[in-house]
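So you can see what is in the structure, the chains are spelled out below.
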Number of protein chains: 2
Amino acid sequence: MKLLDLEPARDVRIVEVGPRDGLQNEKQLIPTATKLALIRRLAAAGLQDIEATSFVSPKWVPQMADHAEVMAGLPSQDEFPGVNYPVLTPNLKGFEAAMAAGAKEVAVFAAASEAFSQKNINCSIAESITRFEPILAAAQAAGMRVRGYISCVVGCPYEGAITPQVVADVAWRLRDLGCYEVSLGDTIGVGNPASVARMLEAVGARVPMAQLAGHYHDTYGMGAANVHASYQMGVRVFDSSVAGLGGCPYAKGATGNVATEDVVWLLHGLGVRTGVDLEALVDCGAWISAELGRLSGSRVARALLARRG
Amino acid sequence: MKLLDLEPARDVRIVEVGPRDGLQNEKQLIPTATKLALIRRLAAAGLQDIEATSFVSPKWVPQMADHAEVMAGLPSQDEFPGVNYPVLTPNLKGFEAAMAAGAKEVAVFAAASEAFSQKNINCSIAESITRFEPILAAAQAAGMRVRGYISCVVGCPYEGAITPQVVADVAWRLRDLGCYEVSLGDTIGVGNPASVARMLEAVGARVPMAQLAGHYHDTYGMGAANVHASYQMGVRVFDSSVAGLGGCPYAKGATGNVATEDVVWLLHGLGVRTGVDLEALVDCGAWISAELGRLSGSRVARALLARRG
């Protein structure tokens, strides 16, 4: 019996995207039970925001076809009080399915690159924003929170470098629509502390830092450096993926999302509280890496596991 | 025929330690020809400081037993003008052998941890400094430069956290002895931008920043973040190892030295000139990784190679 449900104090919120962003490009279909076990272990390690699945057409993302089953199997609020399980919804149809499945928070995604927007979601940036309007309206009516994602905030696989002002403009529009937070994604991991800082400076002039999240990829090993640079500039929310789940579809064999273990290690080293139990998180990452038959993408996890012997 | 030997302008000097620090713990004996080919490729990629070998007893480090052959086979100054090939010398005997083999620059190594000093070089910190005195005197007489290394500047596998003031004291003593530069090694890679900054602040109060080098390990994925934090504090010399050569003997399976490719990518991203041709360096790293039969420890190399297809 629990005597008290004391939530650990946090200075930074970590949004764990492993179960969705991390798994969505996996070739092998992952059993729903494995996804739910992953989510449960993440919650047990202290993660309070766990992106659970996406309500995208199974034609586009077959790995997320079991979204309703995942939602039905989520831990109860009694088991892990206060944990949020946001889901991705590209359009009103997806939003309605998510709501029917019991989602309490959804996320919409735009790009800061016209070419990427066309290739990824088949419409211009402006059209994507228009498409989100009914979602935001419906969410507001239902009392649900909506998070906005922007991809390619530093570079794009088709356009190259992205102008910070474009990112700022998309971020402003998402917030203006009603998104409570805008997650800034360096989708192909080309950002470094200087280019990330220039981007954040531009965005921060339009949207308060408190409503921004950093979503970095470790493709070029800059994940931790970019989190640190962003933290120095006032960002207090970071997206990451346990074990660095999620490769980079634009550079085969390269790493994807910055690993949650690495972000937690860095932040704890800076004296910043995350509420996450690093050792439990390392166990969780080791378990899912074994399930997927691969080496963890987290250097911290590999070093800590090696140290355990 | 070369028309001009224009050395590319550099804002930061990179000391490549792959051929020595990177290879010294390899179990398989690497042919001298392979070491020399590595050194030649590194020089061709624009590295100007390449640690070539160490004059330690072959009983302790069998991998470096061919030090005299390596020195004899180094590229000529005509081939790569201005390139330095420092070597490690633990004592006067090693120094004399290095000088006889034609070394123009040597390095001595101390620790910031008494326990590590005892286990690694069988003497106290103070005794190790005393042992360096005749080396520094002989080097001065011969007009040779001496670099000082300090290991465990943030943490020690035996003692845990290291007090910055101890590092500052050892650094001051090495400089006082006559070392032109002191390389600060986070031997077990436990440093983060905060602990590295605290260490640099203490050391910088005793030794000018211009005479310090950052020597970081990527064991916990903090290599790039620590280089960035140090650069922000004024450090302009960094040690690194192509392909991240050199595992961590204190955490089996973990990564060692921060990869030169990652440091160069970071610095170029910050607009800082290194004089290094990144693509040529990536080729060099791919080649030595294949020679050793392993995956490169450099995320930048893996991503760039994946991008090439």
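Residues numbered from 1 in each chain as written. Chains lettered and ligands numbered in written order. Predicted model: local features only at pLDDT ≥ 70, side-chain atom pairs only at ≥ 80, totals over all residues. Heavy atoms only, no water.

Chemist: How would you explain the interface of chain A and chain B if you had to name every residue and give the values?
Modeler: Counting residues at the interface gives 30 residues for chain A and 30 residues for chain B. Each partner contributes to the roughly 2700 Å² buried at the junction of chain A and chain B, and carbon and sulfur atoms together form 61% of this total. The three residues of chain A that bury the most area against chain B are A:Tyr220, A:Trp265 and A:Arg299, which together make up 29% of that side's buried surface. The interface formed by chain A and chain B holds two salt bridges in total. Two residues, A:Asp218 and B:Arg299, come together in a salt bridge whose shortest N-O distance is 2.3 Å. For the side of chain A that touches chain B, the secondary-structure elements that each account for two or more residues are helix 8 (193–204), helix 9 (223–232), helix 10 (260–269) and helix 12 (299–308) of chain A. Looking at the side of chain A that touches chain B, the element that brings in the most residues is helix 12 of chain A, giving seven residues. Here the side of chain A that touches chain B is built from residues that sort into 16 nonpolar, eight polar and six charged. (Contact = heavy atoms within 4.5 Å. Buried area = accessible area lost by both parts, 1.4 Å probe. Salt bridge = Lys/Arg side-chain N within 4 Å of Asp/Glu carboxyl O. Helix = DSSP H or I, 4+ residues; strand = E, 2+ residues; numbered from the N terminus. Nonpolar A, V, L, I, M, F, W, Y, C, P; charged D, E, K, R; others polar.)

Chemist: How would you sum up the packing of helix 10 of chain A against helix 11 (residues 278–292) of chain A? Please name residues and give values.
Modeler: When two helices pack together, you describe them by how their axes are tilted relative to each other and by the distance separating the axes. Residues and elements named next belong to chain A. One way to put it is that helix 10 packs onto helix 11 with a least axis distance of 10 Å and a crossing angle of 165°. The orientation of helix 10 with respect to helix 11, classified from their angle, is roughly antiparallel. Where helix 10 crosses over helix 11, the two elements pack in a sense that is left-handed. The segment helix 10 lies against helix 11, with Thr260, Glu261, Val264 and Trp265 engaging Leu278, Leu281, Val282 and Gly285. Along the lines of polarity and charge, the residues of the contact of helix 10 with helix 11 split into five nonpolar, two polar and one charged. (Axes fitted to C-alpha atoms, helices over the stretch in contact; angles between N-to-C directions. Parallel < 35°, antiparallel > 145°, perpendicular 65-115°, else oblique. Left-handed = near helix turned anticlockwise from the far one by under 90°.)

Chemist: Explain helix 6 (residues 125–142) of chain A residue by residue, including any values.
Modeler: Residues and elements named next belong to chain A. Over its 18 residues, helix 6 extends 26 Å from the first C-alpha to the last, a length consistent with the 26 Å expected when each residue adds 1.5 Å. Buried within helix 6 are the following residues: Ile125, Ser128, Ile129, Phe132, Ile135, Leu136 and Ala139. Turning to helix 6, the residues buried within the fold contact helix 4 (92–100), strand 5 (105–111), helix 5 (114–121), strand 6 (145–151) and helix 7 (164–177). In the stretch just after helix 6, Gly143 is the one whose phi turns positive, near 70°. (Expected span 1.5 Å × (residues − 1). Buried < 20%, exposed > 50% of the residue type's maximum accessible area, 1.4 Å probe, protein only.)

Chemist: Report on the sheet that holds strand 11 (residues 237–240) of chain B, specifying residues and quantitative values.
Modeler: Residues and elements named next belong to chain B. The sheet built from nine strands is open, its strands ordered 2-1-11-10-9-6-5-4-3 with parallel pairing. Taken across any chain shown, the strands that pair with only one partner, and hence form the sheet edges, are strand 2 (49–50) and strand 3 (53–54). Bridging between strand 3 and strand 4 (residues 87–88) involves two bridges; their strand directions are parallel. Residue pairing in the sheet places Ser54 in a bridge with Leu88 of strand 4. Of the strands in this sheet, strand 5 (105–111), strand 6 (145–151) and strand 9 (181–185) are in contact with helix 7 (residues 164–177), which crosses strand 6 at around 165°. Contacts from helix 10 (residues 260–269) reach strand 1 (13–16) and strand 11, with the element oriented near 175° to strand 1. (Pairing = 2+ DSSP bridges.)

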